[in-house]
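Coordinate analysis (summary)
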Amino acid sequence: MTNETDPQRRNFLGVAALTMAAAPFISMGNAFAKSGMSKSPVTIPPATPGSNASFGPIKQINAGELNMGYAEAGPADGPVVILLHGWPYDIHSFVDVAPLLAAQGYRVIIPHFRGYGTTRFLSADTYRNGQQVRNAIDIIALMDALKIKSAVFGGFDWGANCACQIAALWPERCKALVSVSGYIVAGQPLFAVPLPPKIEQQWWYVWYFATDRGKLGYEKNWKDFNRLIWTTASPKWNFDDATYERSAVSFENPDFAEITINHYRWFLGLSKGEPQYDALEQRLAAAPNIAVPTITLEGSDNGAAHPPAAAYAKKFTGKYAHRDIGGGVGHNLPQEAPQEFAQAIVDVDRF
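Below, the structure is looked at part by part.

Reading guide: rules and limits
- Residues numbered from 1 in each chain as written.
- Predicted model: local features only at pLDDT ≥ 70, side-chain atom pairs only at ≥ 80, totals over all residues.
- Heavy atoms only, no water.
- Helix = DSSP H or I, 4+ residues; strand = E, 2+ residues; numbered from the N terminus.
- Buried < 20%, exposed > 50% of the residue type's maximum accessible area, 1.4 Å probe, protein only.
- Areas by Shrake-Rupley, 256 points an atom, 1.4 Å probe, with all protein chains shown as cover.
- Contact = heavy atoms within 4.5 Å.
- Polar contact = N/O pair within 3.5 Å; in protein donor to acceptor, adjacent residues only side chain to side chain.
- Axes fitted to C-alpha atoms, helices over the stretch in contact; angles between N-to-C directions.
- Parallel < 35°, antiparallel > 145°, perpendicular 65-115°, else oblique.
- Nonpolar A, V, L, I, M, F, W, Y, C, P; charged D, E, K, R; others polar.
- Pairing = 2+ DSSP bridges.
- Right-handed = clockwise from strand over helix to strand, strands pointing away.
- Expected span 1.5 Å × (residues − 1).
- Salt bridge = Lys/Arg side-chain N within 4 Å of Asp/Glu carboxyl O.
- Phe/Tyr/Trp six-rings, centres within 6.5 Å; stacked < 30°, edge-to-face > 60°.

Remarks on the overall build of the protein chain
Helix and strand content of the protein chain: 12 helices and nine strands. Split into buried and exposed, the 351 residues of the protein chain put 60% on the buried side. Carbon and sulfur atoms make up 54% of the accessible area of the protein chain, which totals about 13300 Å².

A short note on the environment of K315
Within the secondary structure, K315 is located in the loop between β8 (294-299) and β9 (320-325). Apart from the residues within four sequence positions on either side, K315 is in contact with Y183, A287, P288, N289 and I290. Side-chain polar atoms of K315 contact the backbone oxygen of A287, separated by 2.6 Å.

Structural notes on the packing of helix α3 (residues 132-145) against helix α4 (residues 158-169)
Two elements in contact, α3 and α4, have axes whose closest approach is 9 Å; the angle formed by their N-to-C orientations is 70 degrees. The angle between α3 and α4 falls in the class roughly perpendicular. Taken together, the residues of α4 that come into contact with α3 (itself represented by Q132, V133, N135, A136, I139 and I140) are W158, N161, C162, Q165, I166 and L169. Its residues assigned to classes, the contact of α3 with α4 comprises eight nonpolar, four polar and no charged.

Side note on the pairing of strand β4 (residues 107-111)
Judged by how many residues are buried, β4 sits mostly within the fold: five of five residues are covered. The alternating pattern of β4 places R107, I109 and P111 on one face and V108 and I110 on the opposite face, and all of these are buried. Relative to β4, strand β2 (residues 66-73) is paired through four bridges, and the arrangement is antiparallel. By the bridge assignment, A73 is partnered in β4 with V108. Judged from the three bridges that link them, strand β3 (residues 80-84) and β4 form a sheet pairing that is parallel. The residue of β4 that forms the bridge with I82 is I109. A crossover connection joins β3 to the parallel β4 through helix α2 (residues 97-102); in handedness this β-α-β unit is right-handed.

Details of helix α7 (residues 212-233)
Taking 1.5 Å per residue as the helical rise, α7 with its 22 residues ought to reach 32 Å, whereas the 25 Å between its terminal C-alpha atoms falls clearly short. Those residues of α7 that fall on the buried side of the exposure criterion are G214, G217, Y218, W222, F225, N226, I229, W230 and A233. Buried residues along α7 sit against α6 (204-209), α8 (241-248) and α9 (256-267).

Thoughts on the pattern of salt bridges
Going through the model one piece at a time under the given rule, you end up with 14 salt bridges. For D255, the salt bridge is made with R128, and the minimal N-O distance between the two is 3.0 Å. Of this pair, D255 sits in the loop between α8 and α9 while R128 sits in the loop between β5 (120-121) and α3, placing them 127 residues apart in sequence. For R128, a relative accessible area of 12% puts it in the buried group. One salt bridge connects D144 with R173, and the closest N-O pair in it is separated by 2.9 Å.

A closer look at the environment of V95
Topologically, V95 is positioned in the loop between β3 and α2. What V95 contacts, discounting residues up to four positions off in sequence, is N52, A53, S54, F55 and R246.

Some thoughts on the side chain of N226
Along the chain, N226 falls in helix α7. At 2.7 Å, the side chain of N226 forms a polar contact with the side chain of Y218. When near neighbours in sequence (up to four residues on either side) are disregarded, N226 contacts W87, P88, Y218, Y244, F251 and F256.

Here's the deal with the packing of aromatic side chains
On inspection of all chains with the given rule, the structure shows 35 aromatic pairs. The interplanar angle of 20 degrees and the centroid separation of 5.4 Å between the aromatic rings of Y89 and W230 together place this pair among those described as stacked. In this pair, Y89 sits in the loop between β3 and α2 while W230 sits in helix α7, placing the two residues 141 residues apart along the sequence. Relative accessible area serves as the criterion here: at 0%, Y89 is assigned to the buried category. Judged by its relative accessible area of 0%, W230 falls in the buried class. Between W222 and F256, the ring centres sit 6.5 Å apart and the planes meet at 65 degrees, which makes this aromatic pair edge-to-face. Here W222, found in helix α7, pairs with F256, found in helix α9; they are 34 residues apart in sequence, far enough to count as distant.

Here it is, written out as structure tokens:
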């Protein structure tokens, strides 16, 4: 597993605190299992990353304060899986995962977060709030709009943060969870405490975003900036120009840069949240346990900052397993290892 103090980048959402807490546990290793399968296993067939270039037509629906864009695959009456992307990525992180799950009879929903792709605010006057809990509230609103009572969730980066929040705060809506890099829940108090320099160095882009220069720079250079993040987060992923350009279209959303800057500034207390969400953020800041069945995944060459699995295993109090994915897989695990990600979804649904 990649050393958590390598001076690469991210996951800013809780990794710092977990990394500091992990040292006594590193020798325990990183493979866990609390329970066997309760149903007959299903084997996902081999899949070549990059086999699929696109989804079908993107659908739109009003949900909360957004008109949300989302891709859908599989039978309309199948059990629901909701897949959540990260920053700076988009729904195409799951372009090879979705058909694998659809072939198993799942109804797969892959939404664009606020500020991405075809998702738009219904009102020009709505505050472009990027605080932690806001994405989770959006996804609950999407489920309500689509009349989905509960779903299996899978995500990485911002998507893992969002999925973990839903599992912790609204477990009745989350049947099971697949989370890349484990327990990704945090709060502003964690980031008020300075960390060792090597760990602080990993958050270089967050300190950049905290400045007016950084805000202007990201608004001007987001395309090159995001590609740099892709290459440092997944140093062995040999994606081509077409793969990046396909996702880069999503970053042309008029609210993309503002949501990104607001999101990271919020963790530092430099942008305001909305007071109606204070109670939810306080619950998340207390690092609540997650009791739904969970599989956590980690790529062998994740260039993003991430804690060892031993640091967060005890946060999952239900049926749980951790899997390390080798072969040079980096931070964008669903797109780099779609078979393994889809297999985890199918398996956790059978816990």
